[in-house]
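Take a look at the letters that make up each chain.
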Amino acid sequence: MNIVVGNVKGGVGKTTSSVYLAAAAAARGREAVFLVDSDPQGSAAEWFEQNPVEGVELIEAPSERTVVRALSNSDGIVVVDTPPGDERIVRAALRRADAVIIPTRAGGVEPSRVLATLEMTPADIACGIVVCAARLGTNDLEATVEDWSNAKVPVWGVIPERVAIASGPAGRIYREGLEAYQEVLRKVMRAVR
Ligand SMILES: Nc1ncnc2c1ncn2[C@@H]1O[C@H](COP(=O)(O)OP(=O)(O)OP(=O)(O)O)[C@@H](O)[C@H]1O
Ligand SMILES: [Mg+2]
């Protein structure tokens, strides 16, 4: 199963979500789990250099050609982190996705970039958004979740803003974050099957 994490906007939580989702997949202990880093910046690869996630194999695939290959011949669960800028890499990944997760933030200019990402995704592929670094209990967050539900875009998760998640590769996989992404993964699996 190929799970592509994408949003044409930068800095929304793609890499964080990819690493945590791969960790959540590995925690199932059933399938082989691969994290494909298709971002030429190599943020996920850097993360793994500092702090590899047990049970997850990292594959660097920073080009259209390499990402196509990484998504063509693996069994198990493949999570793909995509770059914010390189549309060709993103499109190549989206075409081979079984499910697409679009990380976003609450409020502001976010919806237009989510919609742009949805438009790039082939119509028959399951898509859902994950609100990252969310401030729980705020009106902004409530309005965002309601707007997406009204727009018939499933909200697969709301990940709270936590210092331990923000520390990224400098810290360990943070338990509360892992649990939130395990719930996202369950929603993905349900949407795909
Ligand atoms: N739940 C969270 N709580 C706190 N900080 C978070 C959370 N999720 C993401 N962040 C922080 O938000 C910032 C952007 O996250 P991340 O690098 O994952 O985004 P990205 O979409 O991959 O960025 P880019 O487009 O540059 O690749 C990082 O500093 C990250 O630590
Ligand atoms: Mg990134």
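Up top you'll find the structure we're talking about.
Notes on the structure follow. These numbers come from a predicted model, not from an experiment. (Residues numbered from 1 in each chain as written. Chains lettered and ligands numbered in written order. Predicted model: local features only at pLDDT ≥ 70, side-chain atom pairs only at ≥ 80, totals over all residues.)

### Focus on the site of ligand 1
And then number 1: Lining the immediate environment of ligand 1, one finds 18 residues, of which Gly 10, Lys 14, Thr 15, Thr 16 and Ala 166 sit closest.
And then number 2: Elements supplying a minimum of two residues to the shell around ligand 1: helix H1 (14-28), strand E6 (126-134) and helix H7 (163-166).
And then number 3: Here the shell around ligand 1 is built from residues that sort into seven nonpolar, seven polar and four charged. (Near = placed C-beta within 6 Å. Helix = DSSP H or I, 4+ residues; strand = E, 2+ residues; numbered from the N terminus. Nonpolar A, V, L, I, M, F, W, Y, C, P; charged D, E, K, R; others polar.)

### A few points about the sheet that holds strand E2 (residues 33-37)
And then number 1: Taken in spatial order, the seven strands line up as E3-E2-E4-E1-E5-E6-E7 in an open sheet, and their pairing is parallel. A strand with exactly one partner marks an edge of an open sheet, and here the two such strands are strand E3 (56-60) and strand E7 (155-160). Going from strand to strand, the sheet's axes swing by 20° on average, the running direction of each strand aside.
And then number 2: Relative to E6, strand E5 (residues 99-104) is paired through six bridges, and the arrangement is parallel. Bridge pairing in E6 links Ala 99 to Ala 126.
And then number 3: Running over the sheet, helix H6 (residues 139-150) touches E6 and E7 and is turned about 175° from E6. (Pairing = 2+ DSSP bridges. Axes fitted to C-alpha atoms, helices over the stretch in contact; angles between N-to-C directions. Contact = placed C-beta atoms within 7 Å.)

### Here we look at the pairing of strand E1 (residues 2-5)
And then number 1: On E1, burial covers both faces: Asn 2 and Val 4 on one face and Ile 3 and Val 5 on the other are all buried.
And then number 2: Where E1 and strand E4 (residues 77-81) come together, four bridges link them in parallel fashion. When the bridges of E4 are listed, Ile 3 appears paired with Val 79. (Buried ≥ 20, exposed ≤ 12 C-beta atoms within 10 Å, placed from the backbone.)

Function cannot be read off these values alone, since they describe shape.
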